[in-house]
Amino acid sequence: MKKFLFIPLFFLISAFIGYENPKLIEEPKKYIKFLLRNMNLIDNFALNEIEIKQAESEKYKIEEKDKLIVEGNSYSLVLDKRINFDGRTAGFFIDNLKNKKFEFDVFLQNGLNIKNNSTKEIFFPKDISFDQNGGLKSIFKVNGKKLAIISNKNINCAYATIYEIETKNIILKTKCLPDMKNVDFNGLGGAVTEKENYIYLSIGAPEWDSQEIRALAQEKDYLYGKVIRIQKDSFFDNSKKEPKIDIFTYGHKNPQGLTFANKFFFSIEHGPQGGDEINLIRKGKNYGWPEVSYGTEYNNGKSYKKFDQNFEKPLFTFLPSIAPSSMNICPDNLNKYYSDDICLMFLTLREMSLYVLLIDKQKLNVISYEKFKIGERMRHFGKKNNKLYQKNNTFFISADGSGIFSAKFNNFR
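These numbers were taken from a predicted model, which means no experiment stands behind them.

K.L.:
It is not clear to me how the pairing of strand β5 (residues 112-115) should be interpreted in this structure. Could you clarify?
P.N.:
In summary, the side chains of a regular strand alternate between the two faces of the sheet. Relative to β5, strand β4 (residues 101-108) is paired through three bridges, and the arrangement is antiparallel. Looking at the pairing, Val106 lines up with Ile114 of β5. Linking β4 back to β5 in an antiparallel pair, the connection comprises three residues, with Gly111 at a positive phi of about 100°. Bridge count between β5 and strand β6 (residues 119-121): three bridges; the pairing is antiparallel.

Encoded structure:
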């Protein structure tokens, strides 16, 4: 009899504790849900079934207004919405464009994976954190396998991991961040590109207003505020050791775009209040954050030191901020049009635009940039593996809360 009385009493006490102190039971509930997901007793961990079904039912709801032509100075940018969704991309892959049909593999920051024939949640590790702008921050491929950069948190540690989605293996784990209260995972970076047998990726110093966190960009014992290089084969070493990491450059705030072009390596990254930068990336160099910046401090507007001979100066600085996201090479027709220069494209959040950037091949100075105002917060370029997908000069871009657009420059004048 006592056993039967104990069970409802236990649940009553648990309910009362949870009602009075919801944070006390938040973590146990999360781990129980993860365990049920791992046992295939439930289908989702981070999302609910209604969200997933709604995304599936709406992904092909395209309207006539979703076609846009943006006139430039000497050519036009034509956009056609191809996939509809409400959310932010962590990245997406495109393949087999034929007769206006294409295969897509879209990953949203909330963990939703949208494909041609399915919409589902990816399998997350149990300590993923969606607090403080966390979640799935980036997605890339190594030897055909999908890897994710995600934000993680437990009771006394906030950090980042590289996670292999299919096998559920943690490939790499960063050290704990100080000042957990002021972590902002929007600043985690996550730009990815590749060259030869190496993956290059950025890990930002993820803070809003924390001297402790931003100082890690100058600390070589931490991966925050760095562009790192990892040999592809070392991601899947059978010894199960973490891959060998080469800190390629340091002193970065939040690099959102990385790309190789004409044997040179470029980045675009967020500054503080103003001071977004385009940088020429050179191995072993220090780019100065948080010691120097052309921006100003949040809250008080105080200026940073503008120059120090120990640090690399940016190729270009935007004042005020444009909030850049991804950067990539230009499609073939635009590269041909600007054959005497290095042609790059980048997307922006605040300016809601695609920019075309020209850099002198010899002097490596910025010649010009042209803004194509789209009116959406632009997030990522579609890739095949880790490089820009393009076919017949068509490429793909994502917009927050809107979806995936095909894009093409035409009507050259």
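On we go from here.
K.L.:
Whenever I open this one, the sheet that holds strand β7 (residues 136-142) confuses me. Can you help?
P.N.:
The pairing of strands in a sheet comes from backbone hydrogen bonds and takes either a parallel or an antiparallel form. Taken together, four strands build an open sheet; the order of strands is β7-β8-β9-β10 and the sheet is antiparallel. Only two strands of the sheet have a single neighbouring strand rather than two, namely β7 and β10 (169-173). Neighbour-to-neighbour, the strand axes of this sheet turn through a mean angle of 30°, independent of strand direction. Two elements, β7 and strand β8 (residues 145-154), share six bridges in a ladder whose sense is antiparallel. By the bridge assignment for β8, Lys141 is matched with Lys146.

K.L.:
Please clarify how the pattern of salt bridges should be interpreted in this entry.
P.N.:
Oppositely charged side chains can form a pair if their charged atoms are brought close together. The tally for this structure, following the rule as stated, stands at 18 salt bridges. Between Asp95 and Lys384 there is a salt bridge whose closest N-O contact spans 3.2 Å. In this pair, Asp95 sits in strand β3 (residues 89-98) while Lys384 sits in strand β24 (residues 383-384), placing the two residues 289 residues apart along the sequence. The partly exposed category is assigned to Lys384, whose relative accessible area is 42%. Linked by salt bridges that have partners in common, Arg88, Arg377, Arg379 and Asp400 make up one network.

K.L.:
Looking at this model, I keep getting lost on the side chain of Glu370. Mind explaining?
P.N.:
Residue position: Glu370 is located in strand β22 (residues 366-373). Comment: no salt bridge for buried Glu370; closest opposite-charge side chain is Arg413, at 6.6 Å. One polar contact links the side chain of Glu370 to the main-chain amide nitrogen of Asn73, over a distance of 2.5 Å. Apart from the residues within four sequence positions on either side, Glu370 is in contact with Gly72, Asn73, Tyr75, Tyr338, Leu354, Tyr355 and Val356.

K.L.:
What should I look at first to understand unusual backbone geometry in this one?
P.N.:
Note the cis peptide between Trp289 and Pro290, where omega equals 5°. Structurally, Pro290 can be placed in the loop between β17 (276-280) and β18 (316-318). Note that the residue after Leu319, namely Pro320, is joined by a cis bond; omega there is -5°. Backbone geometry at Asp179 places phi at a positive 55°, although glycine is not the residue there. Take Asp179: it is sitting in the loop between β10 and β11 (189-195). On the basis of relative accessibility, which here comes to 24%, the residue Asp179 falls in the partly exposed class.

K.L.:
Any chance you could explain the pairing of strand β9 (residues 157-164) here in plain terms?
P.N.:
Burial of β9 is extensive: eight of the eight residues sit out of reach of the surface. Note that β8 and β9 share eight bridges and pair antiparallel. Each residue of the ladder has a partner; that of Ser151, found in β9, is Ala160. Counted along the chain from β8 to the antiparallel partner β9, the turn is two residues long. In the sheet, β9 pairs with β10 via four bridges, with the strands oriented antiparallel. Counted as the bridge partner of Thr161 is Lys173 from β10.

K.L.:
I tried to follow the nonpolar core on my own but got confused; where do I start?
P.N.:
Nonpolar side chains in soluble globular proteins tend to be buried together. If you look at the biggest cluster of nonpolar residues, it comprises 27 residues, and the most contacted ones within it are Phe140, Ile162, Leu177, Leu201 and Phe235. The contacts of Leu177, once residues within four sequence positions are left out, are Ala158, Val183, Phe185, Pro206, Ile213, Leu216 and Tyr224.

K.L.:
I tried to follow the sheet that holds strand β14 (residues 245-250) on my own but got confused; where do I start?
P.N.:
One open sheet accounts for four strands, arranged β11-β12-β13-β14; its pairing is antiparallel. Among the strands making up the open sheet, the edge pair consists of β11 and β14. Shown here is a sheet whose adjacent strand axes are inclined to one another by a mean of 25°, direction ignored. In this sheet, strand β12 (residues 198-203) lies alongside β11 in antiparallel orientation, the contact comprising five bridges. Counterpart to Thr193 in the pairing with β12 is Tyr200.

K.L.:
Is there a simple way to think about the side chain of Glu121 in this case?
P.N.:
Along the chain, the position of Glu121 falls in strand β6. Looking at Glu121, the relative accessible area reads 4%, which means it is buried. Polar side-chain contacts of Glu121 include one of 2.7 Å to the backbone nitrogen of Leu47.

K.L.:
Would you take a moment to explain the environment of Leu344 for this structure?
P.N.:
Take Leu344: it is sitting in strand β20 (residues 341-348). Classification of Leu344 as buried rests on a relative accessible area of 0%. Leu344 sits 13 residues away from Leu357 along the chain, and the two C-alpha atoms are 5.1 Å apart. Filtering out sequence-adjacent residues up to four positions away, Leu344 remains in contact with Thr259, Ala261, Phe266, Met327, Asn328, Ile329, Cys330, Tyr355, Val356, Leu357 and Ile359.

K.L.:
Please explain the packing of aromatic side chains as it appears in this structure.
P.N.:
Working definition: an aromatic ring pair is given by the centre-to-centre distance plus the angle between the planes. Under the counting rule described, the total for this entry stands at 34 aromatic pairs. Relative to Phe260, the ring of Tyr200 lies with its centre 5.1 Å away and its plane at 70°, an arrangement referred to as edge-to-face. On the criterion of sequence distance, the pair formed by Tyr200 in strand β12 and Phe260 in strand β15 (residues 254-261) is long-range, its members being 60 residues apart. With a relative accessible area of 18%, Phe260 lands in the buried category. Aromatic rings pair up to connect Tyr75, Tyr337, Tyr338, Phe372, Phe381, Phe395, Phe409 and Phe412 into one cluster. Directly above the ring of Phe93 sits Lys141, whose terminal nitrogen or CZ lies 4.6 Å from the centroid. In this arrangement the basic side chain of Lys175 is found over the ring face of Tyr222, its NZ or CZ atom lying 5.1 Å from the centre.

What counts, and where the lines are drawn
Residues numbered from 1 in each chain as written. Predicted model: local features only at pLDDT ≥ 70, side-chain atom pairs only at ≥ 80, totals over all residues. Heavy atoms only, no water. Pairing = 2+ DSSP bridges. Helix = DSSP H or I, 4+ residues; strand = E, 2+ residues; numbered from the N terminus. Axes fitted to C-alpha atoms, helices over the stretch in contact; angles between N-to-C directions. Salt bridge = Lys/Arg side-chain N within 4 Å of Asp/Glu carboxyl O. Buried < 20%, exposed > 50% of the residue type's maximum accessible area, 1.4 Å probe, protein only. Lys, Arg positive; Asp, Glu negative; His and termini not counted. Polar contact = N/O pair within 3.5 Å; in protein donor to acceptor, adjacent residues only side chain to side chain. Contact = heavy atoms within 4.5 Å. Core = buried A, V, L, I, M, F, W, Y, C linked by side-chain atoms within 4.5 Å. Phe/Tyr/Trp six-rings, centres within 6.5 Å; stacked < 30°, edge-to-face > 60°. Lys NZ or Arg CZ within 6 Å of the ring centre and 35° of its normal.

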